[in-house]
Amino acid sequence: MTSDTALTVPPARPRPPARSAGDRRRARAAYLFLAPFFVVFLAMLVIPLGYSGYLSLFRTRLIGGTSFVGAQNYLTALSDPEFLAGVGRMGLFLLVQVPVMLGGALFLALALDSGRARGAGVLRLLYFVPYAVPGVVATMMWGYLYGRDFGPLAQVFRAFGASAPDVLAPGTVLGSMMNIVTWEFVGYNMIIMYSALRTIPAELLEAASIDGAGLVRQAWSIKIPAIGPAIVLTVIFSIIGTFQLFNEPALLKGIAPTAISNGFTPNFYAYNLAFVNQDVNYAAAVAFLLGLVIAVISYLVQLRVNRGGTAN
Amino acid sequence: MSTLKTLRTRPGVPSATDPAARSRRSSPRSGHRLLSVLLWLVAAYFVLPLLWLLIAATKDNSDLFSTFGFSFGHHFALWDNLHDVFSAGDGIFLRWSVNTVLYAGTSAAGATLLATLAGYAFAKYRFAGDRLLFSISLGAVMIPLTALALPTYLLFNSLALTNTPWAVILPSLVSPFGVYLMRVYAADAIPDSLLEAARVDGAGEFRTFVQVSLRLLAPGMVTVFLFALVASWNNYFLPLIMLNTSSLYPLTVGLAQQQAASAAGGGSQALFSTVITGSAVSVVPLVVAFVVLQRFWQSGLSSGSVKE
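Conventions and cut-offs
- Residues numbered from 1 in each chain as written.
- Chains lettered and ligands numbered in written order.
- Predicted model: local features only at pLDDT ≥ 70, side-chain atom pairs only at ≥ 80, totals over all residues.
- Helix = DSSP H or I, 4+ residues; strand = E, 2+ residues; numbered from the N terminus.
- Buried ≥ 20, exposed ≤ 12 C-beta atoms within 10 Å, placed from the backbone.
- Contact = placed C-beta atoms within 7 Å.
- Nonpolar A, V, L, I, M, F, W, Y, C, P; charged D, E, K, R; others polar.
- Domains from an automatic or database assignment.
- Pairing = 2+ DSSP bridges.
- pLDDT = per-residue confidence, 0-100.

1. Quick notes on the overall build of chain B
What chain B contains, in helices and strands, is 15 helices and zero strands. When the 308 residues of chain B are sorted by exposure, 47% land in the buried category. For chain B, the proportion of contacts with a sequence separation of at least 24, taken over those separated by at least 6, is 71%.

2. Concerning the interface of chain A and chain B
In this complex, chain A contributes 95 residues to the contact, which on the side of chain B involves 98 residues. Counting residues per element, the side of chain A that touches chain B draws most heavily on helix H2 (residues 21-55) of chain A, at 18 residues. Residues of the side of chain A that touches chain B, tallied by class, amount to 72 nonpolar, 16 polar and seven charged.

3. Comments concerning the domain arrangement of chain B
Parsing chain B into structural domains produces domain 1 (18-50) and domain 2 (78-298). Domain 1 of chain B and domain 2 of chain B are separated by 37 Å when their C-alpha centres are compared.

4. Some details on the pairing of strand E2 (residues 65-68) of chain A
Residue and element names in this part refer to chain A. Here strand E1 (residues 58-61) runs beside E2; their pairing, made up of four bridges, is antiparallel. Each bridged residue has a counterpart across the sheet, and for Arg61 the counterpart in E2 is Gly65. Linking E1 to E2, which pair antiparallel, is a turn of three residues; within it Gly64 sits at a positive phi near 105 degrees.

5. Digging into unusual backbone geometry
Positive phi, close to 60 degrees, is recorded for Gln278 of chain A, a residue that is not glycine. Within the secondary structure layout, Gln278 of chain A lies in the loop between helix H13 (266-276) and helix H14 (280-308). A positive phi angle is found at Asn163 of chain B, which is not glycine, with a value near 60 degrees. Topologically, Asn163 of chain B is positioned in the loop between helix H7 (145-158) and helix H8 (165-169). Judged by C-beta crowding, with 14 C-beta atoms within 10 Å, Asn163 of chain B ranks as partly exposed.

6. Considering the confidence of the model for chain B
Residue and element names in this part refer to chain B. A residue-level look at chain B finds 84% of positions with pLDDT of 70 or above and a mean pLDDT of 81. Ranking the elements of chain B by mean pLDDT puts helix H1 (residues 2-9) last, at 32, and H8 first, at 95. Under a pLDDT of 50 for its full length, residues 1-29 has, in the predicted model, 38 contacts with residues more than four places off or in other chains. If you check the scores for this complex, the pTM reads 0.84 and the ipTM reads 0.84.

7. Here's the deal with the environment of Leu292 of chain A
Residue and element names in this part refer to chain A. Topologically, Leu292 is positioned in helix H14. On the basis of neighbour count, Leu292 is assigned to the partly exposed category, with 14 C-beta atoms found within 10 Å. Along the sequence, Leu292 and Ala208 sit 84 residues apart, while their C-alpha atoms lie 44 Å from each other.

8. Looking at the environment of Thr277 of chain B
All names here are of chain B. You can see Thr277 is positioned in helix H14 (residues 271-292). Owing to 26 C-beta atoms within 10 Å, Thr277 belongs among the buried residues under this scheme. Sequence separation between Thr277 and Leu78 is 199 residues; the distance between their C-alpha atoms is 7.9 Å. Beyond its immediate stretch of four places on either side in the chain, Thr277 contacts Ala57, Asn81, Leu82 and Val85.

Structure, rendered in structure tokens:
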């Protein structure tokens, strides 16, 4: 499911040719070390996932009870305009917000790593602070900032006698949401990239510098390729995060009820199906399809990276 | 400045041929200052919303509506607001705070322990199926929340676990990213020679782990703990579906409910300042934790995020 380039680590040493008693004892210890994690993994991930797959093959009616319908729920979802619109919306999010967020994070990481900024330590922390703010609080806060009653944006426009643009209207709310997510996660991604940059050997950069490579050249030819795996990691996490957006639509719906439909994001849609419409079977199918979309896109990204050879 | 422009618009151009870049290297100050100004302007984007929240927390409801967002009100109402926050609903806010600390602390401690054991095993032992098991645990990152939360809710419901703290804690114990971080961290932090020496001395694998390895893994564990803490502290979706008694809510669900009430109810306008102050209060602990512990988590991440 995941690729080997970005996320896995090659074995630290080759497997010994013969298996001694010590090897067996060690392998037993390793399994015991792994056991607690995999017991919880099985109980909290594998079993629920299997149960969800099982549920998605049935339909429950008030009259007639539960019956096996095979792939019917999946076929319904594939022609469900509300689900497809949500996936499309997230596709747009992926094409617009993720490049802005990760490009910004990369620029900031390189700038801080260059050692040319005053107060770099403080800056790094300031960029990162939004990550520690709960998504719920961040969304509520931006909701107030966007709002017409006491939001500073509206206040500034009012001071000039103009009327503020409605950033919570049907046409603009997606952009407002992109801004919230960008605000929350630029710093987090920046820290991952920055941490990777710090491990590039100084001799490498010194050698490049002696050869006459300037900062930009160093960044493009040495630093960015060197942190390829970390960048791929942030891309994959961003894809997953985008398709799972829930807090933002759930909380903004309270202040922008007409702009945000029940299917605004696929995850919000699955929630509404399961807990508002009480249609557990269909919700399970929608959630499964969503997982498939995420896996396929993540896989394609890694495939492309492997072919381009950036990660290695 | 020319450096910045090149960096943003023409990243491929070698700056060795760029005279501005050369002069900048001989006198680093010039590029320095403009870059600093730009970076501090960017910082404003991240800080101003929080500054607004903190200032808004010092205003009473009428100042909130009548004064500019980034200036203080006529009346400094922070203490009154804090009093309102903690006394509303028989001190329900404090209850939510305690719940949050309890759920997030337990989840993060448990997740760190499981991830450390598993990451250590993946890094320092070779055994049949090691790569497969590792790939499986990482693949789990891609499963959408709802695909899991929904069946977990139904399963917990049949075990009478919904509407208990366990419903929030148990699913949060699995941290595949934590396993990944600990694997990379352990591979670096613990030299194989050290383990061999302990084995030659006759120490068992578990004694070696507890007495030798655990100490070396500590900075990595702080990192995993912090990120697991943030994940479960900030979780809204899981407690939202699992809990339906207000006294069991964590801060996220409680605040969201208060906000919905204040936005919906015209008569309960006083709630705005309470919700805003409550939000401001809820932000403080994690920010402080990250600032105080930054030395640990930054060193933990720098070996974790990077290596192939």
